[in-house]
Each structure stands twice: as structure tokens, then as C-alpha cells.
Amino acid sequence: MSTQFLTDAKNGDRRSLARTLSAIENRSIQLEQALDILGPVPDSADDGWQTLAITGAPGVGKSCLLDGLLTAWAKKGLRIAVLAVDPSSPRTGGALLGDRVRMTVVDDKELNDRIYFRSVATRKASGSVPVIVEDMTKILLALGWQKVVIETVGAGQSEVRCAALADRIVVVEGPARGDGVQAEKAGLLELADAVLVNKSDLPGAELHANEIRESFELGIGSTPPVELTSALHGTGVEHAASVLLDLPSSGRSVRARWRERLLAFHERKILESPKLDELLQQLAKGSIHLDEAMRLIGGFSNE
Ligand SMILES: Nc1nc2c(ncn2[C@@H]2O[C@H](COP(=O)(O)OP(=O)(O)O)[C@@H](O)[C@H]2O)c(=O)[nH]1
Ligand SMILES: [Mg+2]
């Protein structure tokens, strides 16, 4: 396969960038192969973040909010790429199209050379979505995008793992629905370096922000910033943009994040093992046990 598109992507051609990401998405090239041509993934230049996840339930306003945040960051001169991950929708419809439609910044002639938007069609993805998203993120950083933002819904293991790839995690919430902070939500909040309670133009937003602050105070460790925003009216969005840009990693989230990354790493080893098919066959026949299968996959220490 010709790798001219990699060279063109490196020279700033957006269509070639799209093609590069598609090749990563459908596994027709390996990350290492691409990085040989693109050059290495740079280390973070300062102690700020290179990757940020925006996560939360569908419909809370992640995409609208992200549009406002990107506008504020692009105005500061930052070059930012977005990967919008949506498990439920084919590329031609549903929320994926919705995510792109919300990104008015992409159509802003003053700012759009600093923004790149890409959706990840997870239904089409062959392989583990967090692995694909991780590789795409590395490609974007290697190509000189200063920051990569991953938008992902905060339900389901695969989506939480996509979020856990990022240096910082922002959880977006909506106004109170009268059920307080449920255990399921608490699990996601455990990963949060900041919480944005969006739709502050609707009743119950302030109440929910307080419920979240209280639930953090009951837990151990530091309380991350909890900010109110209205993406619809732009209220609080610029403030949130500056809070997020300088956001430190909350000590509490670090362990939770590494737990997710460890699990993802483990999964990657299994899914990418050349022995996987054969081992699944043997497991199905009952000729080996799970622990033997794990041992045969290898790559795990303590053997
Ligand atoms: N009232 C109100 N509606 C909002 C706000 N932000 C987003 N929405 C609406 O919420 C819906 C879902 O927004 P979207 O950004 O697609 O949510 P996502 O699924 O979390 O990405 C859309 O109809 C938005 O117009 C807000 O601040 N206030
Ligand atoms: Mg969205």
C-alpha cells in the first residue's frame, strides 16, 4: 500500500489526515507503521494536558458545550482536534451527525484552520474502540495538534475507557432530576477532574451542582471544580474554558484512571494476540482453561 497519504497528512493536507485516521480505524495500517513516517508523539511541553475527555449522558449538551469551549480555545491560538465517539450511531445519522452539526466553530472561517473534527464510527470499527481512539489520538498529536479532545458518552465500559485514555476527564451533567447522585453516576464522577453542570438556564442546575459537590465532600481526596454553564446562552462557557485549560489532575481520579488503562491494556493484549482465534476454538472445545489461554497469549508478567 502506498503511504503517500501519510506524508501528505504530515504536510497539513486535511483529506490525507482523514485518510490516515480511517486507515487506523479500519486497521489497514498499524500505529507504529504510521509513526515511522509521521514522527514520534511529542511529550507534553508543560504540565498541562494534551488530551481531555468530555463525557456524560447523551443529551446533556456535551457537543454544544464543546463548541463553545473550542471557540474560546481557538481564539487563544490553540490548535485542537476533536474525536467524537458515539457507539449508537452509524456515520450517516443520529448523534454523530448531530455532533458535527453542533460544531459551528468548524465552519468559522477565522478559526477553522485551528480545529479538526472527526467522528469515530464505532459500529463500523473492527477491534476495540478504546484502542482505536488511543491510536488516533497519538496520530493527531504526532501531526502537531496541540490538544485532542475526546467526546464520549459516559455509559458503558468501552466509553469509560475512552475517557480514561485522556490526561483530564470532564464530566458533563444536566439539572437535577430528583434522584440525587446515584451509584452509577458516582462511578463516573470518581474519574472527574472537573464537572460542568450544563443547562444552567433550566431549573435544578444549581441544586444538582450542590448535590455533586456534597457527594465529593463525602468521599475522600480533593474536590474537583464544579461549574455551571449554559451552552445554549453561552453563560459560564468562557469561564469554564479557562478553568479547563489550566485544570490540574485531581489526585483522586488518577488511580481510577490507571485502573481503567490497565484493563484496557490487558484487553488490547488479548484482542491483538495472533493466537486469539485458535485459543477461542480450544476454549470452546474445552481443551484448555481460561488461565492457560491467558498464559498462552503471553505478555503478562509473573509467568
Ligand atoms: N436549555 C438548554 N439546552 C441545551 C443546552 N446545551 C445543549 N442543549 C440542548 O440539548 C440537546 C443536546 O445537546 P448535545 O450537545 O447534542 O448533547 P450531547 O448528546 O451531550 O452531545 C440539544 O437539543 C441542545 O440544543 C443548554 O445549556 N441549555
Ligand atoms: Mg454529542
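Residues numbered from 1 in each chain as written. Chains lettered and ligands numbered in written order. Predicted model: local features only at pLDDT ≥ 70, side-chain atom pairs only at ≥ 80, totals over all residues.

## Structural notes on the overall build of the protein
Scanning the protein for helices and strands turns up 13 helices and seven strands. Over its C-alpha trace the protein gives a radius of gyration of 20 Å, about what one expects of a compact globule, namely 19 Å for 303 residues. Seen through its C-alpha atoms, the protein measures out along the principal axes to roughly 60 × 45 × 40 Å. The proportion of buried residues among the 303 residues of the protein is 42%. In the protein, once contacts between residues fewer than 6 apart in sequence are set aside, the share between residues at least 24 apart is 73%. (Helix = DSSP H or I, 4+ residues; strand = E, 2+ residues; numbered from the N terminus. Rg over C-alpha atoms; globule rule 2.2 N^0.38 Å. Buried ≥ 20, exposed ≤ 12 C-beta atoms within 10 Å, placed from the backbone. Contact = placed C-beta atoms within 7 Å.)

## Notes on helix α11 (residues 251–271)
With 21 residues, α11 extends 31 Å from end C-alpha to end C-alpha; this agrees with the ideal 30 Å at 1.5 Å per step. In this fold, the buried residues of α11 make contact with α6 (129–142), α7 (157–164) and β5 (168–173). (Expected span 1.5 Å × (residues − 1).)

## Digging into the environment of isoleucine 29
Within the fold, isoleucine 29 resides in the loop between α2 (14–25) and α3 (31–38). Isoleucine 29 sits in the partly exposed class, given 19 other C-beta atoms within 10 Å. As a C-alpha pair, isoleucine 29 and tryptophan 49 span 20 residues in sequence and 27 Å in three-dimensional space. Among residues more than four places away in sequence, those in contact with isoleucine 29 are Ala23, Ile24 and Ala34.

## What about the packing of α7 against α11?
Between two packed helices, both the angle of their axes relative to each other and the distance between the axes serve to describe the pair. Orientation of α7 relative to α11, taken along the N-to-C sense of each, is 115 degrees, at an axis distance of 9 Å. Viewed along their axes, α7 and α11 adopt a mutual orientation that is roughly perpendicular. Judged by the twist between their axes, the crossing of α7 over α11 is left-handed. Between α7 and α11, the contacting residues are Val160, Arg161 and Ala164 on the first element and Arg257, Glu260, Arg261, Leu263 and Ala264 on the second. (Axes fitted to C-alpha atoms, helices over the stretch in contact; angles between N-to-C directions. Parallel < 35°, antiparallel > 145°, perpendicular 65-115°, else oblique. Left-handed = near helix turned anticlockwise from the far one by under 90°.)

## Overview of the site of ligand 1
Around ligand 1 sit 17 residues in total, of which Gly61, Lys62, Ser63, Ala231 and Leu232 are the nearest. Grouping the constituent residues of the shell around ligand 1 by class yields seven nonpolar, six polar and four charged. (Near = placed C-beta within 6 Å. Nonpolar A, V, L, I, M, F, W, Y, C, P; charged D, E, K, R; others polar.)

## Quick notes on the domain arrangement of the protein
Under the domain assignment, the protein is made up of domain 1 (1–40), domain 2 (42–253) and domain 3 (261–297). Between the C-alpha centres of domain 2 and domain 3 the distance comes to 33 Å. If you look at the interface, domain 2 gives six residues, while domain 3 gives six residues. When residues of the side of domain 2 that touches domain 3 are traced back to their parent elements, those giving at least two are α6 and α7. A class-by-class count of the residues in the side of domain 2 that touches domain 3 yields three nonpolar, two polar and one charged. (Domains from an automatic or database assignment.)

## Side note on the nonpolar core
Counting residues in each nonpolar core, the largest one holds 75 residues, and the members touching the most others are Val133, Ile150 and Val170. Ranked by residues supplied to this core, first place goes to α6 with nine residues. Domain assignment of the residues forming this core places at least three in each of domain 1 (1–40) and domain 2 (42–253). What isoleucine 150 contacts, discounting residues up to four positions off in sequence, is Thr51, Ala53, Leu83, Val85, Val133, Cys162, Ala163, Leu165 and Ala166. (Core = buried A, V, L, I, M, F, W, Y, C linked by C-beta atoms within 7 Å.)

## Focus: the environment of aspartate 86
Here aspartate 86 is to be found in strand β2 (residues 80–86). Taking the C-beta count within 10 Å as the criterion, aspartate 86 has 24 such neighbours and is therefore assigned buried. Considered as a pair, aspartate 86 and alanine 284 are 198 residues apart in the sequence and their alpha carbons are 32 Å apart.

## Some points on unusual backbone geometry
One non-glycine residue with positive phi stands out, namely arginine 27, at about 60 degrees. Counting through the fold element by element, arginine 27 comes out in the loop between α2 and α3. Classification of arginine 27 by C-beta neighbours within 10 Å gives partly exposed; the count is 15. For lysine 199, which is not glycine, the phi torsion reads 65 degrees and is therefore positive. Within the secondary structure, lysine 199 sits in the loop between β6 (194–197) and α9 (205–218).

## Some details on the pairing of β2
Most of β2 sits inside the fold, with seven of its seven residues counted as buried. Examined bridge by bridge, β2 and strand β3 (residues 115–121) share seven bridges and lie parallel to one another. Bridge pairing in β3 links valine 82 to phenylalanine 117. With six bridges connecting them, β2 and strand β4 (residues 147–153) associate as parallel partners. Note that in β4 the partner of valine 85 across the bridge is threonine 152. (Pairing = 2+ DSSP bridges.)

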